[in-house]
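Each chain, written out:
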Amino acid sequence: MELQEREQAVTDDVVASFAGASSDRFREVMEAVVRHLHAAAREVRLTQGEWFAAIDFLTRTGRMSDDRRQEFVLLSDVLGLSMLTVAINADADPAVTESTVFGPFFHEGSPAVEQGGDLAAGAPGVPCWVEGTVRGTGGEAVPGARVEVWEADEDGFYDVQYDGARTANRGHLFTDADGGFRFWSVRPAAYPIPSDGPVGELLAAAGRGPMRPAHIHFLITAPGYRRLITHLFAAGDPYLGSDAVFGVKESLVVGFTEHGPSEPAPRGGPSAGRWASVRHDFVLAPEGAHA
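The structure displayed is predicted, hence computed values, not measured ones. (Residues numbered from 1 in each chain as written. Predicted model: local features only at pLDDT ≥ 70, side-chain atom pairs only at ≥ 80, totals over all residues. Heavy atoms only, no water.)

Caption draft 1: Highlighting the overall build of the protein. When helices and strands are tallied, the protein shows six helices and eleven strands. Reported as C-alpha extents along the three principal axes, the dimensions of the protein are approximately 80 × 40 × 35 Å. A total of 291 residues make up the protein; the buried ones form 41% of that total. By sequence separation, contacts in the protein at least 24 residues apart represent 72% of the contacts at least 6 residues apart. In the protein, which carries 24 positive and 41 negative side-chain charges, the distance between the mean positions of the two groups comes to 1 Å. (Helix = DSSP H or I, 4+ residues; strand = E, 2+ residues; numbered from the N terminus. Buried < 20%, exposed > 50% of the residue type's maximum accessible area, 1.4 Å probe, protein only. Contact = heavy atoms within 4.5 Å. Lys, Arg positive; Asp, Glu negative; His and termini not counted. Charge placed at Lys NZ, Arg CZ, Asp CG, Glu CD.)

Right, here's the structure in full:
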């Protein structure tokens, strides 16, 4: 048997091993993964040394992942797999707010914030008033939608990147009867994704930068509507064209208004000093809508 036939025989045997899978979808996905993974190995003529290096890389990626940092999500992000999955599952209705990456720094159990409340909780940065509405594709208000928010502080760190159990710049609130939401946070800043682990090694080897443009994360859910995972990006940020995780979409780039100390801030805002504001309206797809 020739070399090419021996190699193909290995792939065929592995693909065939999933024939008895209890789920048709599981079989379909695993057969495709095997075919493409084996094809990649054949294309580059993968050496055993390279295979061992890859196993070591994935092992260290797993060891660095926990409930406060998800290195595997970060790996998916920098390889563009996260954004490809977003694109595959995007809603076909152009009225629906576009989705983007989930990111590695979400975690369950964020504190509840009242309308107009402060979720910054002492995080350093210029105070920022954020407001908007959540609506359906027919223009109807979506009351009671859960709006989950998290972001980095002005130093470029999320709360989970600090030692201890500090919670800041993270929280959730529910839209009012008109679908509105409003809260205080801080003006987002650009920051580098964590480069002290395997993903950082990958970026360095590729000659790629680690920077993400300034943004605020949103996760919006409501009964009868599809879940929305998205960002608001700050217009004018120098990294909008070179996001390390390919997450920027033009429709999500918004202007943040800068306010001087003499301008009165909404209730709960600073009594002195600069502050910023941004407004954006989100549109949810109905549950069961097809991409």
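Caption draft 2: Looking closely at unusual backbone geometry. Not every positive phi belongs to a glycine, and R45 is a case in point at roughly 50°. Within the element layout of this structure, R45 appears in the loop between α2 (24–44) and α3 (48–63). Judged by relative accessible area, which is 44%, R45 ranks as partly exposed. Despite not being glycine, A121 shows a phi value in the positive range, around 50°. Following the sequence through the fold, A121 ends up in the loop between α5 (81–88) and β1 (127–136).

Caption draft 3: Region of interest: the sheet that holds β1. Pairing is mixed across the open sheet formed by four strands, whose spatial order is β4-β1-β11-β10. Each of the sheet's edge strands pairs with one partner strand only, and the pair in question is β4 (180–186) and β10 (257–259). Sheet twist, expressed as the average angle between the axes of neighbouring strands with direction ignored, equals 25°. Here β1 runs beside strand β11 (residues 275–284); their pairing, made up of nine bridges, is parallel. Residue pairing for β11: V130 is matched across the bridge by V278. (Pairing = 2+ DSSP bridges. Axes fitted to C-alpha atoms, helices over the stretch in contact; angles between N-to-C directions.)

Caption draft 4: Broad picture of α5. Looking only at α5, the buried set comprises S82, M83 and V86. Axial view of α5: buried residues confined to an arc of 95°, hence all on one face. Those residues of α5 that are buried lie in contact with α4 (71–78). (Arc of directions from axis to C-beta.)

Caption draft 5: Broad picture of the sheet that holds strand β8 (residues 228–234). Strand order across the open sheet formed by five strands is β3-β2-β7-β8-β9, with mixed pairing between neighbours. Only two strands of the sheet have a single partner each, and these edge strands are β3 (170–174) and β9 (253–254). For strand β7 (residues 215–221) and β8, the ladder comprises six bridges, and the chain directions are antiparallel. Each bridged residue has a counterpart across the sheet, and for L219 the counterpart in β8 is I229.

Caption draft 6: Representation of the packing of aromatic side chains within the structure. Here the structure, examined in full by the defined rule, presents 14 aromatic pairs. A ring pair is formed by Y158 and Y191, whose centres lie 5.5 Å apart and whose planes are at 90°; its orientation type is edge-to-face. Of this pair, Y158 sits in the loop between β2 (146–150) and β3 while Y191 sits in strand β5 (residues 191–192), and the two are 33 residues apart along the sequence. Taking relative accessible area as the criterion, Y158 reaches 0% and is therefore assigned buried. One aromatic cluster is present, formed by F181, F183, F218 and F282 through successive ring pairs. The ring of Y162 has R166 lying over it, and the distance from NZ or CZ to the ring centre is 4.6 Å. (Phe/Tyr/Trp six-rings, centres within 6.5 Å; stacked < 30°, edge-to-face > 60°. Lys NZ or Arg CZ within 6 Å of the ring centre and 35° of its normal.)

Caption draft 7: Molecular detail of the packing of helix α1 (residues 3–16) against α2. Packing of α1 against α2 brings their axes to within 9 Å, and their N-to-C directions diverge by 160°. By the angle class used here, α1 and α2 are roughly antiparallel. Crossing handedness for the pair α1 and α2: right-handed. Packed against α1, whose contacting residues are E7, Q8, V10, T11, V14 and V15, the element α2 presents E31, V34, R35, H38 and R42 at the interface. Residue classes in the contact of α1 with α2 are distributed as four nonpolar, three polar and four charged. (Parallel < 35°, antiparallel > 145°, perpendicular 65-115°, else oblique. Left-handed = near helix turned anticlockwise from the far one by under 90°. Nonpolar A, V, L, I, M, F, W, Y, C, P; charged D, E, K, R; others polar.)

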